[in-house]
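# Structural characterization, general
Listed below, chain by chain, are the residues.
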2 protein chains.
Amino acid sequence: MARLAEVSTATVSRVLSGGKPVSPEVADRVRVAAQDVGYRPNPAAQTLLRGSSRTVGVVVPDLGNPYFAEILKGVASEAAATEHHTLVAGTDEDPEQEYRSAIELARWVDGLLLCAPRMSTPRLREVAEAARRLVLINRVLRHSAVGSVVVDYHLGVRALCEHLASLGHKRIAYLQGPTAAWSDQQRQRGFRSPEASGLTIFRVPCGSTLVDGQAAVDEALTYKPTAMICFNDHVAVGVLSRLRELGLSVPGDISVAGIDNAPMSAHTDPGLTTYAVSTIELGRQAWERFTPRVTTATTHLQGELVIRSSTAPPPHRPHR
Amino acid sequence: MARLAEVSTATVSRVLSGGKPVSPEVADRVRVAAQDVGYRPNPAAQTLLRGSSRTVGVVVPDLGNPYFAEILKGVASEAAATEHHTLVAGTDEDPEQEYRSAIELARWVDGLLLCAPRMSTPRLREVAEAARRLVLINRVLRHSAVGSVVVDYHLGVRALCEHLASLGHKRIAYLQGPTAAWSDQQRQRGFRSPEASGLTIFRVPCGSTLVDGQAAVDEALTYKPTAMICFNDHVAVGVLSRLRELGLSVPGDISVAGIDNAPMSAHTDPGLTTYAVSTIELGRQAWERFTPRVTTATTHLQGELVIRSSTAPPPHRPHR
DNA sequence: CTGAAAGCGCTAACAG
DNA sequence: CTGTTAGCGCTTTCAG
């Protein structure tokens, strides 16, 4: 290709990278030749030289989960806008894999976006050392050069509690997220707010998926709650489905609320009351934390209460 | 690090890559030193030398779409199992971006997995030339070294037609997918099957999302169909939601069927009759097409009819 | 403005 | 078994 245009490789490089002093005539010749041969520089060589791959890494517990899929979408789209690539890894909700994937990707990428709800703090710190730049989702770490974007889930739970209390509910079942997940603890903080003080909260082990929700309903019902707050909307959809099977009506017999406002939540029957957070915004914010000018501090994202028809005053007599 | 263990860089490389003749004593010393310093080889340098990045690229129209998210999950997980990384790009359903992303990633990766329903065949051919290895999802291209994994959607439509016909339906609205999408044409092939011969099909422009489905319902109803077949389950969920708003009961007044069997489809009310295809399997199959031993030919994936409660015999009198 | 040459970090080939 | 050396493809000095 350098041969084709009869110039040195250095000149080709100058033309293609742009903004270098090259005579217009030569520049054109090079561009034509490049087009002809379909020449594109080898990115590995560029990376080696520059010390930057123009790539960000995204590590999440489950790539199939729409919540993370949307975050990924937000990041990838921002990244693409500045000629960056996006490397991904799913970790199957396994702390060991969270660590391995993060460490592995860290070597490749300019910046790492990590959602690792279960990784231990020391290991997280190791990752922070290994990565050029690290941004955490829904988790914080005291460490220079580590930024965080966290959703203030305790405010969400608080808002849901206030909403349910104002409807007259007293006994609330909380379907917990994955054990030891940082963001579940955030949610639980909401139950210690003044808005929740008149409520009795029954904690039920659950998880983060539709199937988890479905499975946890029966245990939750043993507490005779008049409302359920679910770890997220997926769980809530599973709950609605199981309640329907049991012949209980929502919100007639029992109210159900989710968290996150998943796309489907506006279309369930009944429509799901939830705490809406914008995952696209989350992705965008996370991306911004990679740019040098932005502080490494923690960004707090607030959501808003979305009241649909899955919540209503409790029945006068408890069901059954 | 080589200094720390008092050996040459070549020896370090031999130890770390494994399977090379090194005395156990030295090997241990190197491993300890590497551990100490936290040394990890520079992947860009390795890539440059090897000519392979151990990376696959995945290009899909919408990273936020659960359908593609699951395919991505399947591929990423298979890739990780063999120490490969996964690079992604979403293309916002834009043919131009489909092309640019594909060409761009092709330079980086060992293999490219491409779902580009709208890209023109000549451009697709260009991508095939640029990529070391190319696998297409739901699309075929006559070209050596290009494999495909396609879902036989015409069989799905055929099965749905047979199912609806056997229930006594005659007037069916089909809510079309994105214009010019290859996989929509596949579906439409199903309407030319014998099973559909007794049916009158009304084609309604729609799209691939929940919101598209919601919006297309009113036009579809002008044909007074007794059943609707939707491009995919997302559309169907949007349809269910709009029909509910209109006060029409499913399946009492009208039957609705989807395609794909999205995770949520078992949990809608009523449960959605659909044609189930395994996206995980799709991802896995796609991955297998990257391994040299596997032929580049097209793999056909079949789904199966899943009958839930959104389909039933038509009402005796048409609604309204 | 352009070419020659060094070197990014690594591993394969070649000596020893 | 181990060290030395060349070179992967590019960009960036440094000369001219």
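For chain A, the name recorded in an unreviewed UniProt entry is LacI family transcriptional regulator, with Kribbella pratensis as its organism.

Right, let's get into helix α10 (residues 210-221) of chain A. All names here are of chain A. With 12 residues, α10 extends 17 Å between its outermost C-alpha atoms, agreeing within 8% with the 16 Å of an ideal straight helix rising 1.5 Å per residue. Residues Leu210, Gly213, Ala216, Val217, Ala220 and Leu221 constitute the buried set of α10. The arc that holds the buried residues of α10, viewed along the axis, is 135°, so those residues lie on one side. Exposed residues on α10 whose side chains face more than 90 degrees from its buried face are Val211 and Ala215. Where α10 is buried, its residues meet β6 (171-175), β7 (200-204), β8 (227-230) and α11 (233-245).

For DNA strand D, the set of nearby residues contains 23 residues, the closest of which are Tyr39(A), Leu49(A), Thr11(B), Arg14(B) and Ser23(B). Protein-adjacent atoms of DNA strand D, using a 4 Å cutoff, are sugar or phosphate at a proportion of 64%. The contact in question runs from a phosphate oxygen of DNA strand D to an N or O atom on the side chain of Ser13(A), over 2.9 Å. A distance of 3.1 Å separates a phosphate oxygen of DNA strand D from a polar atom in the backbone of Ser8(B). Taken together, the elements giving at least two residues each to the surface near DNA strand D come down to α2 (9-17) and α4 (43-50) of chain A together with α2 (9-17) and α4 (43-50) of chain B. Among the residues forming the surface near DNA strand D, the class breakdown is 12 nonpolar, seven polar and four charged.

Another point: the protein's contact with DNA strand C. As a matter of local geometry, DNA strand C sits amid 23 residues, with Thr11(A), Arg14(A), Ser23(A), Tyr39(B) and Leu49(B) nearest to it. Sugar plus phosphate: this is where 64% of the atoms of DNA strand C within 4 Å of the protein reside. Measuring from a base nitrogen of DNA strand C, one finds a side-chain N or O atom of Arg14(A) at 2.7 Å. At a separation of 2.7 Å, a phosphate oxygen of DNA strand C approaches a polar backbone atom of Asn42(B). At the level of secondary structure, the elements contributing two or more residues to the surface near DNA strand C comprise α2 and α4 of chain A together with α2 and α4 of chain B.

So, about a nonpolar patch on the surface. On the surface, Leu4(B), Leu16(B), Val37(B) and Tyr39(B) cluster together to form a nonpolar patch covering roughly 350 Å² of accessible area. Relative to the assigned elements, Leu4(B) resides in helix α1 (residues 2-5).

Moving on, we get to the packing of helix α6 (residues 95-108) of chain B against helix α7 (residues 121-130) of chain B. Residues and elements named next belong to chain B. Relative orientation of the contacting elements α6 and α7 amounts to 10°, with a least axis distance of 9 Å. Taken together, the axis directions place α6 and α7 in an arrangement best described as roughly parallel. In this structure, α6 contributes Glu96, Tyr99, Ala102, Ile103 and Ala106 to the contact, and α7 contributes Arg123, Glu126, Val127 and Ala130. Here the contact of α6 with α7 is composed, by residue class, of six nonpolar, no polar and three charged.

So, on to the packing of aromatic side chains. All names here are of chain A. With the rule as written, the count across this model stands at nine aromatic pairs over all chains. Taken together, a centroid distance of 5.0 Å and an interplanar angle of 15° make the contact between phenylalanine 202 and tyrosine 223 stacked. With phenylalanine 202 in strand β7 and tyrosine 223 in the loop between α10 and β8, the pair connects residues that are 21 residues apart, well separated along the chain. On the basis of relative accessible area, tyrosine 223 is assigned to the partly exposed category, the value being 29%.

This part is about helix α5 (residues 66-81) of chain A. Residue and element names in this part refer to chain A. Helix length check: α5, at 16 residues, gives a terminal C-alpha distance of 22 Å against a target of 22 Å (1.5 Å per residue), a fit within 8%. All buried positions along α5 are accounted for by Tyr67, Phe68, Ala69, Ile71, Leu72, Gly74, Val75, Ala76, Glu78 and Ala79. The opening residue of α5 is asparagine 65, an N-cap whose side-chain oxygen sits 2.7 Å from the backbone nitrogen of tyrosine 67.

With that settled, consider the relation of the copies chain B and chain A. Two chain copies here: they are related by a rotation about an axis and a translation along the same axis. With an RMSD of 0.1 Å, the operation that places chain B on chain A is a rotation of 180° combined with a shift of 0.0 Å along the axis. Taken together, the rotation and translation describe the operation of a two-fold axis. Taking C-alpha positions as reference, the residue of chain B nearest the rotation axis is Leu87(B), located at 2.2 Å. Mapped onto chain A, 97% of the interface residues of chain B again fall at the interface, so both copies present the same surface.

Parameters and conventions
Residues numbered from 1 in each chain as written. Chains lettered and ligands numbered in written order. Predicted model: local features only at pLDDT ≥ 70, side-chain atom pairs only at ≥ 80, totals over all residues. Heavy atoms only, no water. Helix = DSSP H or I, 4+ residues; strand = E, 2+ residues; numbered from the N terminus. Expected span 1.5 Å × (residues − 1). Buried < 20%, exposed > 50% of the residue type's maximum accessible area, 1.4 Å probe, protein only. Arc of directions from axis to C-beta. Contact = heavy atoms within 4.5 Å. Near = heavy atom within 4 Å. Polar contact = N/O pair within 3.5 Å; in protein donor to acceptor, adjacent residues only side chain to side chain. Nonpolar A, V, L, I, M, F, W, Y, C, P; charged D, E, K, R; others polar. Patch = residues over 30% accessible without salt bridge, like charges linked within 9 Å, V, L, I, M, F, W, Y side chains within 5 Å. Areas by Shrake-Rupley, 256 points an atom, 1.4 Å probe, with all protein chains shown as cover. Salt bridge = Lys/Arg side-chain N within 4 Å of Asp/Glu carboxyl O. Axes fitted to C-alpha atoms, helices over the stretch in contact; angles between N-to-C directions. Parallel < 35°, antiparallel > 145°, perpendicular 65-115°, else oblique. Phe/Tyr/Trp six-rings, centres within 6.5 Å; stacked < 30°, edge-to-face > 60°. Least-squares fit on C-alpha atoms with pLDDT ≥ 70 in both.

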